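# Structural description and commentary
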Amino acid sequence: MSNHIVLEMRNVKKYFPVRMGLLKSLVGAQAQYIKAVDGISFTIQEGKVMGLAGESGCGKTSTAMLTLRMIPPTEGEIYYRGKRISDYEGSRLQEFRRSAQMVFQDPYESLNPRYTVFDTVAEPLLIHKFRDRHEREARVTRALEQAELRPPQRFFEVFPHELSGGQRQRVAVARALVLEPRFLVADEPVSMLDISIRAGILNLLKRLTVDMGLAGLYISHDLSLIRHICDTTAIMYLGKIVEIGPTESIIISPRHPYSCALLAAVPVPDPEYTRNRLEVKGEIPSSLDIPEGCRFHPRCPFAQRICRENEPSLMEVTSDQQVACYFPRE
Amino acid sequence: MVHLKCGYWKRDSLNKPRTGRMAHAQPYFKAIWDQIGIVWEDTLGRIGMILLFFFILLALFGPFIAPYGAYEKCWTPDGKLERMQSPSWRHPMGTTYYGRDVLSQVILGTRQVVIVGFVSALMVVVVGTNIGLVCGYYKGNVDNLLMRLTDIVYGIPFLPFAIVLISIIGKGVSSIIIAIVLILWRSTSRVIRSQVLSLRERPFVLAVKVSGASDFRVIYKHIAPNILPMAFLYASFAIAWAVAAEASISFLGLGDPNTISWGQILFYAFLTQGVTSPYWWIIPPGVCIMLLVMSAFFIGRAYEKVANPQLRER
Amino acid sequence: MSSEFLRIEDLVIQYKTREGFIRAVDDISFSMEEGENLGLVGESGCGKTTAAKAVMKILPANGEIACGRILFRGRDIVPMGPKEMRHLRWRKIAMIPQSAMNSLDPVHRVGDQIVEAIKAHRTISTKQAKMRVQELFDIVGLDTNRINDYPHQFSGGMKQRVIIAMALALDPSLIIADELTTALDVLVQDRILMQLNELQHKLNMAMIVITHDISVVAETCSRVAIMYAGKILEYGDLTKVFKNPCNPYTLGLLSAFPSIVGKKRELISISGFPPNLLHPPMGCRFWERCPFSTERCAQESPPMVKVAQDHFTACLEIHRIEEMRSLATRPETWRTRLKPLKG
């Protein structure tokens, strides 16, 4: 197992322009942007899963869309296996799609209700012009096997509404695997499933990553799930990564005040455990109106003058953990 | 057997799973078959379907059933024209001013009405659905342009337009169909567009785009099967409108002079007799027009209950 | 002597469908004291929301309470007519349904919506109602200057607080909260739960917390009932249930739930899915998925037995509990099955 870097993001930004009314543009007002992703960089290696954690509006989903090149970056570069895919178009992009796939959050909505399981899983093959029917059958069978839907043939004719949530999600995984990708993105894949079956899907994803040498990007707001499956974790806030490092290090000793607050806020299934909360005031500001300096400073209980003036960039605090903060916690 | 949720066991066709290319037509076939079943369950829908079926049979086999020709003048044994005869055993619906058998005219007129009705409805739905699909999916300038066009077409009143058009391009079956299609696509496109606007945001559409599907594929293989119910709904309404439109056009005398249709029967009745037209001449075609329009509406109504709350399978 | 606040006895609720009757809640019993916090935990389809709706008697048209009693402060609610229920609803018992924050009317001001809710259940003047809204905003920690704002101007957490304010409006003694914080971000959830806890103590309010999230229950409730397929499998004092679980399903849930503290452990996954409630199994509802079930479990429905003070469980194999507890944390235990099931 080599340590090849499969995906690399370099200072990627994604700004969405906000439409101005006619009046405003006449008056010459500044164009406004939603800065969904405001300069993030990270790498994902073969056989490793990286977690992207954060609350709503932090830019995790936009980041996922960028890694899959479903949207082009406003600035910055995205490299897949050394090739710069940020400006790919047309057939090269189509070729790239074979290697990068996604599993979505909602098992009820991510499958076309009119397609059978076979149709759904075979669709990517048809899109990429696998003309031989027997080869398609073989690949679909293999994909369903890998997703632990056994025996595969018996699921061919079944429609999504006849399956349970867990089974549907496995079909979604099979669909993602059928083209034999090298990079898999999972966006909250278990948040809509019952608790007793979540681990099945999570363990499946983890095992596939290791066995097939995939690089995985796992997006969630639930840090306890991230802990379970991810090797490294990045915590995002308002479009930037505020802390990044090995998952266990971040969970056990978070350094950024926001990470500390997030982790301290996660409820624990032990009635005798008392958490040490970290009070954070206010609400998440809108991405239209990002605070000056450190974006977290208006809510940070430890903010100093420098935090209000200069935005900190990611700095190494231990050998493999980086924090964007002037006063990282111990 | 596959153990599915809720403990159902489903019979699988292990021996012949559908994996060939035709497998991709399955979503459409299944969709169509489902819709027919849904309509059959509703009482009004069932009446509508039976009536419609009856008229279709009449249209197909009319020439073999009708006792006389459409424009055939009928003579009494002693050589007199059977003009304006009230209903009798020989002419169950009486005769016209020109001595023609009304029953035969009604039976033979069915074909014209059904053809115009179905062909126009089909074209209306095809045009309207495609415009709706394209607008809803691409949004932006294409959408704006086509929606403006739809607005304009909404403003055009049907009959005056039809009159002008037919006086320019001449009378005939195709003229009627063209007139109908040029105007009636507007409602379908609006409705389909709004459906597509919401469908395009659903995760399964994004999923297939991530797999690399082209826009064409996404629109026609993934979104379209899901709007089929709505298209079916508007197809049945379109039949109703087209039949009524054809009747109006023929009634004004703009229909094909060589082919009889119900509207045309009424045209001749009013032409020769005006408001004093006898009941046996105007009631049969009038009732037929009503019944056919109503049957199409019943089917549509029965179906609407289901087409609107989309995807009841959950 | 504590007068019993809420007691549910042998409650059966069924839904009428085209295919027959679905027993969504099948013979459950539990009780609550004044000011207490009871957690109703279970996965989708276990009947927890149905049970809650029955207490408020807001079951849908095809639902009915087939038998059993719901005793609120000693009086049986089940036979009560609509008029009597109106006195109870919102004044004594209030409910916060799932995704309530999304059902705020977007075209009316938030303050007006609360006023409307108040006036629907009590005859007071609009002026007095508005004063009450001011009070409520203070209680839940919202800025009173925002009473006249529209829902879209509030964030998710603030909308949830508006909903809580609405539920508190008439000073109920029992609040039923269905998945209160499921849609909220972690920091917001924490704040709301803390605030609710404070409110509860201040107002001596009882609460039924319905959720699938056992960590939320562990932190907010003092007692818990674990439901599965319409039945309560384990019930009692929360600490006892969580620390000394006496039911395989509880063991499964606890071992399937990840934790952010402590050593990282392997999570288990229970294969299969809940039984079809149109034709529920004869024996224990959980027997098909339970790695410890026997032939007897498939035939006999287990009765609720007491295992300790305020700790009850419904399991025929309770004598094997030590063995079960040690095996339950291993994923392999939950994978081997009598019949192969996939899911």
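## Points about the overall build of chain A
A count of helical and extended segments in chain A gives 11 helices and 12 strands. Here chain A has a C-alpha radius of gyration of 21 Å; the compact-globule value for 330 residues is 20 Å, and the two agree. The principal-axis extents of the C-alpha atoms in chain A amount to approximately 65 × 60 × 40 Å. For chain A, the residues scored as buried account for 54% of the 330 residues in total.

## Considerations on the overall build of chain C
On a plain count of helices and strands, chain C comes out with 12 helices and 12 strands. Against the 2.2 N^0.38 benchmark of 20 Å for 343 residues, chain C shows a C-alpha radius of gyration of 21 Å, consistent with a compact globule. Projected onto its principal axes, the C-alpha positions of chain C cover 65 × 50 × 45 Å. Counting over 343 residues, chain C shows a buried share of 47%. If you take every contact in chain C between residues at least 6 apart in sequence, the share linking residues at least 24 apart comes to 66%.

## A look at the interface of chain A and chain C
Accessible area lost when the parts come together is the quantity often used to give the size of an interface. With 39 residues of chain A in contact, the opposing surface of chain C contributes 34 residues. Here the side of chain A that touches chain C takes eight residues from helix α7 (residues 195–212) of chain A, the largest share from any one element. Within the side of chain A that touches chain C, the residues separate by chemical class into 19 nonpolar, 10 polar and 10 charged.

## Focus: the nonpolar core
The biggest cluster of nonpolar side chains holds 283 residues, and the ones touching the most others in it are Val121, Ala174 and Ile241 of chain A, Ala238 and Ala242 of chain B together with Ala165 of chain C. Ranked by the residues each element gives to this core, the list is headed by helix α8 (residues 215–251) of chain B, at 22 residues. Those residues in contact with Val121 of chain A, other than ones at most four positions away along the chain, are Val140, Ala143, Leu144, Val171, Ala174, Arg175 and Val178 of chain A.

## Structural notes on the environment of Pro331 of chain C
Residues and elements named next belong to chain C. Secondary-structure assignment places Pro331 in helix α12 (residues 331–335). Classification of Pro331 as partly exposed rests on a count of 15 C-beta atoms within 10 Å. Aside from chain neighbours lying at most four places away, what touches Pro331 is Glu266, Ile268 and Ser269.

## Observations concerning helix α1 (residues 48–56) of chain C
Residues and elements named next belong to chain C. Taken across its nine residues, α1 has seven buried, putting it largely inside the fold. For α1, the full list of buried residues reads Lys48, Thr49, Thr50, Ala51, Ala52, Lys53 and Ala54. Of the residues flanking the end of α1, it is Lys57, one or two places downstream, whose phi is positive at about 55 degrees.

## As for the environment of Ala147 of chain A
Residue and element names in this part refer to chain A. Within the secondary structure, Ala147 is located in the loop between α5 (133–146) and α6 (165–177). Along the chain, Ala147 and Leu204 lie 57 residues apart, while their C-alpha atoms are 7.2 Å from each other. Here Ala147 is in contact with Arg170, Val173, Ala174, Leu177 and Leu204, once residues within four sequence places are set aside.

## What about the packing of helix α4 (residues 126–140) of chain C against helix α5 (residues 156–168) of chain C?
Residues and elements named next belong to chain C. Taken N-terminus to C-terminus, the directions of α4 and α5 make an angle of 125 degrees; their axes are 9 Å apart at the nearest point. By the angle between their axes, α4 is oblique relative to α5. Along this stretch, α4 crosses α5, giving a crossing that reads as right-handed. Two secondary-structure elements touch here, α4 through Leu136, Phe137, Ile139 and Val140 and α5 through Arg161, Ile164, Ala165 and Leu168. The class makeup of the residues in the contact of α4 with α5 is seven nonpolar, no polar and one charged.

## Quick notes on the pairing of strand β9 (residues 223–228) of chain C
Residue and element names in this part refer to chain C. The element β9 is extensively covered by neighbouring structure, given that six of its six residues are classed as buried. Both faces of β9 are covered, namely the face carrying Arg223, Ala225 and Met227 and the face carrying Val224, Ile226 and Tyr228. Pairing between strand β3 (residues 37–41) and β9: four bridges, direction parallel. Pairing of Leu38 across the sheet is with Arg223, part of β9. The pairing of β9 with strand β10 (residues 231–237) spans six bridges and is classified as antiparallel. Residue pairing across strands places Arg223 opposite Asp237, the latter belonging to β10. The antiparallel pairing of β9 with β10 creates a hairpin that spans two residues between the two strands, and Ala229 there sits at a positive phi of about 50 degrees.

## Observations regarding the domain arrangement of chain C
Residues and elements named next belong to chain C. What the domain assignment reports for chain C is domain 1 (6–221) and domain 2 (234–335). Taking only C-alpha atoms, the centre of domain 1 and the centre of domain 2 are 29 Å apart. In this assembly, 13 residues from domain 1 lie in contact with nine residues from domain 2. Every element with two or more residues in the side of domain 1 that touches domain 2 is listed here: β2 (20–32) and α7 (214–220). Looking at the side of domain 1 that touches domain 2, the element that brings in the most residues is β2, giving six residues. For the side of domain 1 that touches domain 2, the per-class residue count stands at six nonpolar, four polar and three charged.

## Some details on the sheet that holds strand β4 (residues 75–80) of chain A
Residue and element names in this part refer to chain A. Pairing within the open sheet is antiparallel, and its four strands lie in the order β2-β1-β4-β5. If you trace the sheet from one side to the other, it starts and ends with β2 (32–45) and β5 (83–84), each paired once. Here β4 runs beside β5; their pairing, made up of two bridges, is antiparallel. Looking across to β5, one finds that Tyr80 is bridged to Lys83.

## Here we look at the environment of Met70 of chain A
Residue position: Met70 of chain A is located in the loop between α2 (60–67) and β4. Residues Met70 of chain A and Glu248 of chain A, 178 residues apart in the sequence, show an inter-C-alpha distance of 31 Å.

## With respect to α2 of chain A
Most of α2 of chain A sits out of view: six of its eight residues are buried. Positive backbone phi, at 55 degrees, marks Arg69 of chain A, one or two positions downstream of α2 of chain A.

## Here we look at the sheet that holds strand β5 (residues 75–76) of chain C
All names here are of chain C. Across the sheet, which stays open at both edges, the four strands sit in the order β2-β1-β4-β5 with antiparallel pairing between neighbours. Each end of this open sheet is capped by a strand with a single partner; those strands are β2 and β5. For strand β1 (residues 6–17) and β2, the ladder comprises 10 bridges, and the chain directions are antiparallel. Bridge pairing links Gln14 to Arg23 in β2.

## A short note on the packing of helix α3 (residues 102–138) of chain B against helix α4 (residues 140–155) of chain B
Residue and element names in this part refer to chain B. Two elements in contact, α3 and α4, have axes whose closest approach is 7 Å; the angle formed by their N-to-C orientations is 140 degrees. Viewed along their axes, α3 and α4 adopt a mutual orientation that is oblique. Both α3 and α4 take part in a crossing whose hand is left-handed. Facing α3, whose interface residues are Ile131, Val134, Cys135 and Tyr138, α4 presents Gly140, Val142, Asp143, Leu146 and Met147. Split into classes, the residues belonging to the contact of α3 with α4 amount to seven nonpolar, one polar and one charged.

Cut-off values and rules
- Numbering of residues starts from 1 in each chain and follows the order in which that chain's sequence is written.
- Here every chain gets a letter starting at A, and every ligand a number starting at 1, in the order they are written.
- Side-chain atom pairs in this predicted model are given and counted only at pLDDT of 80 or more, local residue features only at pLDDT of at least 70, and totals for whole chains, interfaces and linings cover all residues.
- Here a helix means four or more residues in a row that DSSP labels H or I, a strand means two or more in a row labelled E, and each is numbered from the N terminus.
- We compute the radius of gyration over the C-alpha atoms and compare it with the globule rule, which gives 2.2 Å times the number of residues raised to the power 0.38.
- Burial is judged by counting the other C-beta atoms within 10 Å of a residue's own C-beta: 20 or more makes it buried, 12 or fewer makes it exposed, and any count in between marks it as partly exposed, with every C-beta position built from the backbone.
- Residues are defined as contacting one another if the C-beta atoms placed from their backbone atoms lie within 7 Å.
- Residues are grouped as follows: Ala, Val, Leu, Ile, Met, Phe, Trp, Tyr, Cys and Pro are nonpolar; Asp, Glu, Lys and Arg are charged; every other residue, Gly included, is polar.
- Under the definition applied here, buried Ala, Val, Leu, Ile, Met, Phe, Trp, Tyr and Cys residues are grouped into a nonpolar core through C-beta atoms within 7 Å.
- Here an angle of 0 to 180 degrees is reported between the N-to-C directions of two axes, which are lines fitted to C-alpha atoms, with helices fitted over the stretch in contact.
- In what follows, roughly perpendicular refers to angles from 65 to 115 degrees, roughly parallel to angles under 35, roughly antiparallel to angles over 145, and oblique to any angle outside these ranges.
- Handedness of a crossing is defined here by the sense of rotation of the near helix relative to the far one, left-handed for an anticlockwise turn of less than a right angle and right-handed for a clockwise turn.
- By this definition, two strands are paired if DSSP reports at least two bridges between them.
- The source of the domain bounds is an automatic or database domain assignment.

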